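Architecture at a glance
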Amino acid sequence: MPGTKGKRWTQRTLAPWLFLAPGVLVFLLYVIFPILQSVWISFYDWDGLGAAKWVGLRNYSDLLDDDSFYTSLQNNVIWLALYLLAIPAGLAIALFLNQTVTGIRVYKSLFFFPFVISQVVVGLIFSWFYAPDFGLLPKIIGFFTGTEVAILAEDRFATYGVIAAGLWPQIAYCMILYLTGLNNINPEQVEAARMDNAKGFSMLWHIVIPQLRPATFIALVVTVIGALRSFDLVSIMTAGGPFGATRVLSYFMYEQSLSEYGVAMGYGAAIAVVLFAIMLVFITLFIVRMLMQERNG
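Computed from a predicted structure; not experimentally measured.

Here's the deal with the pattern of salt bridges
Overall, the coordinates contain 4 salt bridges when judged by the stated rule. For R58, the salt bridge is made with D45, and the minimal N-O distance between the two is 3.5 Å. Here R58 is found in helix α2 (residues 58-64), whereas its partner D45 is found in strand β1 (residues 44-45), with 13 residues between them in sequence.

The following block contains the structure:
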């Protein structure tokens, strides 16, 4: 009957949107609206309590004259470059753990451990590891060089020390992604490659890695976002010191707007908008590349 068909068509059209509506509403309320609000606040001079004063693009022009902004941006670039090491490291560990050897469950537990502990705990562990009085790393350096080095107190080394702490759980996360991907590899392709005498690096490069593209894409996106929004480890381990040497954009934003002495909400919002724009560029590039690969594949 025409009426029944129209009713079924209406139900099939509306049903997906009804299921999506709660998620879309939450996304709009807690993601899109705060982003738009941050952009709007960035055009004001506001202390968070009093009346906001419209200043237009002055907050952004002040950023261009702020040396702390360039230091933070440079540190974010260093974070990004070194954080990408988590992807090949996670792949290498996943390939090792994917084998059937004695004690492999113990090895998996040890490598999985950094992923399940909080970043605060990671920061404390590495702070003790770097501590000049009782830390293991200064003792090792002193044994070989005769001089102990306070990693987090040296502006030359502090940023790299914090990044090393962040790499520990990030490698574990990438490892989990690749372990999941390795379990979904088509065994027929592997067997066919073995019949063609493919082995070792040739097998890895031409057979295994192409099938791990979804895991690589997720690992890349998560790693880039994690590097750009790094905050907790900087806050726990150095609080941006020494002398602002380890400050990153997210922590710089916190200092300006949300810390004990931060009252420049508009200036902090401008920093947040710049950081969001950088993330958006990277994520857009990744998505476009993924869509192009799917169309070509």
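Digging into the packing of aromatic side chains
The geometry of an aromatic ring pair comes down to the distance between the two centres and the angle between the two planes. Inspection of the entire model under this criterion finds 21 aromatic pairs. Taking the centre distance of 5.4 Å and the plane angle of 50° together, the rings of W79 and Y83 count as tilted. Of this pair, W79 and Y83 both sit in helix α3 (residues 67-83), 4 residues apart, roughly one helical turn. Like Y83, W79 is buried. Both rings, one in F282 and one in F286, keep their centres 6.4 Å apart while their planes meet at 45°; by these two values the pair is tilted. One end of the pair, F282, and the other, F286, are both in helix α14 (residues 265-296), 4 residues apart, so they sit about a helical turn from each other.

Quick word on the environment of G142
On the secondary structure map, G142 appears in helix α7 (residues 136-145). Judged by its relative accessible area of 17%, G142 is buried. If we ignore the near neighbours within four places in the chain, the residues touching G142 are T147 and E148.

The rules behind the values
- Residues numbered from 1 in each chain as written.
- Predicted model: local features only at pLDDT ≥ 70, side-chain atom pairs only at ≥ 80, totals over all residues.
- Heavy atoms only, no water.
- Salt bridge = Lys/Arg side-chain N within 4 Å of Asp/Glu carboxyl O.
- Helix = DSSP H or I, 4+ residues; strand = E, 2+ residues; numbered from the N terminus.
- Phe/Tyr/Trp six-rings, centres within 6.5 Å; stacked < 30°, edge-to-face > 60°.
- Buried < 20%, exposed > 50% of the residue type's maximum accessible area, 1.4 Å probe, protein only.
- Contact = heavy atoms within 4.5 Å.

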